[in-house]
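# Architecture at a glance
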Amino acid sequence: EAGVAQSPRYKIIEKRQSVAFWCNPISGHATLYWYQQILGQGPKLLIQFQNNGVVDDSQLPKDRFSAERLKGVDSTLKIQPAKLEDSAVYLCASGTSENEQFFGPGTRLTVL
Amino acid sequence: GQNIDQPTEMTATEGAIVQINCTYQTSGFNGLFWYQQHAGEAPTFLSYNVLDGLEEKGRFSSFLSRSKGYSYLLLKELQMKDSASYLCAVRDFMEYGNKLVFGAGTILRVKS
């Protein structure tokens, strides 16, 4: 079974630039999550989708972050414009039930 | 809100037993997870507890006491490959469903 796919794996940008990350969840998984993990911290939920609808985006900085999952399958997360403090690993996860989330390899973002 | 505490770092010797503690405060507790995360990699699922008691899975066991807001992860017969960060995560029941909140993680260093 293929796992959660993410791209790119690494991205370096300058502050005020824009960046987009892509996630393809495990086939059949209705729930998709985007997490931000800053070095030395645990993952923090940014947004949770159930199929193509948003169920929780309470911790998403909506002035600069946006995410979509138009067809209920893959998803994109965008940052526009990026700030230095956005440097982190962005993890995508998917699941079918509430009991387990499967994580992708993550995208490591460095903002200079 | 939620609050999850776990030690920042621990060191143990190969072949030994180590216990990683996690205390939590949450309004709608609906399960506790332990994840393992090697440096530069995504978290991988280790265990899940929703009822009080001990869950054993090979060299790994996880314990939960809901009345005390306390869990621990027990690793036996430590191997060098067990050097990683161990994340405690609490599933909090929300209006729309469940939300997973992660602690900062405990970095375990296994020495020979």
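Analysis parameters
Residues numbered from 1 in each chain as written. Chains lettered and ligands numbered in written order. Predicted model: local features only at pLDDT ≥ 70, side-chain atom pairs only at ≥ 80, totals over all residues. Heavy atoms only, no water. Helix = DSSP H or I, 4+ residues; strand = E, 2+ residues; numbered from the N terminus. Rg over C-alpha atoms; globule rule 2.2 N^0.38 Å. Buried < 20%, exposed > 50% of the residue type's maximum accessible area, 1.4 Å probe, protein only. Contact = heavy atoms within 4.5 Å. Areas by Shrake-Rupley, 256 points an atom, 1.4 Å probe, with all protein chains shown as cover. Polar contact = N/O pair within 3.5 Å; in protein donor to acceptor, adjacent residues only side chain to side chain. pLDDT = per-residue confidence, 0-100. Pairing = 2+ DSSP bridges. Axes fitted to C-alpha atoms, helices over the stretch in contact; angles between N-to-C directions. Buried area = accessible area lost by both parts, 1.4 Å probe. Salt bridge = Lys/Arg side-chain N within 4 Å of Asp/Glu carboxyl O. Nonpolar A, V, L, I, M, F, W, Y, C, P; charged D, E, K, R; others polar.

### Section: the overall build of chain B
Within chain B one finds 0 helices and 11 strands. Reading chain B from its N end, one meets helices and strands in the order β-β-β-β-β-β-β-β-β-β-β. The C-alpha radius of gyration of chain B comes to 14 Å, within 12% of the 13 Å expected for a compact globule of 112 residues. Within chain B, the proportion of its 112 residues that are buried is 48%. A sequence separation of at least 24 residues applies to 55% of the contacts in chain B between residues at least 6 apart. Per element, the accessible surface of chain B, about 5,400 Å² overall, is 49% carbon and sulfur.

### Some words on the overall build of chain A
Secondary structure summary: chain A contains 0 helices and 11 strands in total. Reading the helices (α) and strands (β) of chain A from amino to carboxyl end gives β-β-β-β-β-β-β-β-β-β-β. For the C-alpha atoms alone, the extent of chain A along its principal axes is close to 40 × 25 × 25 Å. For chain A, the residues scored as buried account for 45% of the 112 residues in total.

### Here's the deal with the side chain of Asn49(B)
Residues and elements named next belong to chain B. Relative to the assigned elements, Asn49 resides in strand 5 (residues 44-49). Within the local environment of Asn49, its side chain forms a polar contact with the side chain of Ser62, the two groups lying 2.6 Å apart. Among residues more than four places away in sequence, those in contact with Asn49 are Phe29, Gly31, Leu32, Glu55, Ser62, Phe63 and Leu64.

### Quick notes on the confidence of the model for chain B
Residues at a pLDDT of 70 or more form 96% of chain B, whose mean pLDDT is 93. Summarising per-element confidence for chain B, the mean pLDDT is lowest in strand 10 (residues 98-102) of chain B (86) and highest in strand 8 (residues 70-75) of chain B (98).

### Let's talk about the sheet that holds strand 7 (residues 60-65) of chain B
All names here are of chain B. As summarised here, the arrangement of the 5 strands in space is 1-3-8-7-6, forming an open sheet in which the pairing is antiparallel. A strand with exactly one partner marks an edge of an open sheet, and here the two such strands are strand 1 (3-5) and strand 6 (53-57). Averaged over all pairs of adjacent strands, the angle between their axes in this sheet comes to 15°, without regard to strand direction. Here strand 6 runs beside strand 7; their pairing, made up of 5 bridges, is antiparallel. In the strand pairing of strand 7, Glu55 is matched with Ser62.

### Notes on the interface of chain B and chain A
The extent of an interface is frequently quoted as the accessible surface area lost upon association of the parts. The interface of chain B with chain A comprises 17 residues on the first partner and 22 residues on the second. Where chain B abuts chain A, roughly 1,500 Å² becomes buried across the two surfaces, and 50% of that area is made up of carbon and sulfur atoms. Linking chain B with chain A are 1 salt bridge, by the criterion used here. One salt bridge connects Asp56(A) with Lys99(B), and the closest N-O pair in it is separated by 3.8 Å. Taken together, the connections running from chain B to chain A amount to 2 residue pairs in polar contact (both at pLDDT 80 or more). For the side of chain B that touches chain A, the secondary-structure elements that each account for two or more residues are strand 4 (29-37), strand 5, strand 9 (84-93) and strand 10 of chain B. If one sorts the elements of the side of chain B that touches chain A by residue count, strand 10 of chain B sits on top with 4 residues. Residue composition of the side of chain B that touches chain A, grouped by class: 11 nonpolar, 4 polar and 2 charged.

### Examining the pattern of salt bridges
Summed over all chains, the structure comprises 7 salt bridges over all chains. Here Arg64(A) ties to Asp86(A) by a salt bridge, and the two come within 2.5 Å at their closest N and O atoms. Placement of the pair is Arg64(A) in the loop between strand 6 (53-56) and strand 7 (65-68) and Asp86(A) in the loop between strand 8 (75-79) and strand 9 (88-95), with a sequence separation of 22 residues. Its relative accessible area of 11% is what places Arg64(A) among the buried residues. According to the relative accessible area criterion, Asp86(A) is buried, its value standing at 2%. One salt bridge in this structure joins Arg59(B) and Asp82(B), with 2.8 Å as the shortest N-O distance. Placement of Arg59(B) in the loop between strand 6 and strand 7 and of Asp82(B) in the loop between strand 8 and strand 9 is noted, with a sequence separation of 23 residues between them.

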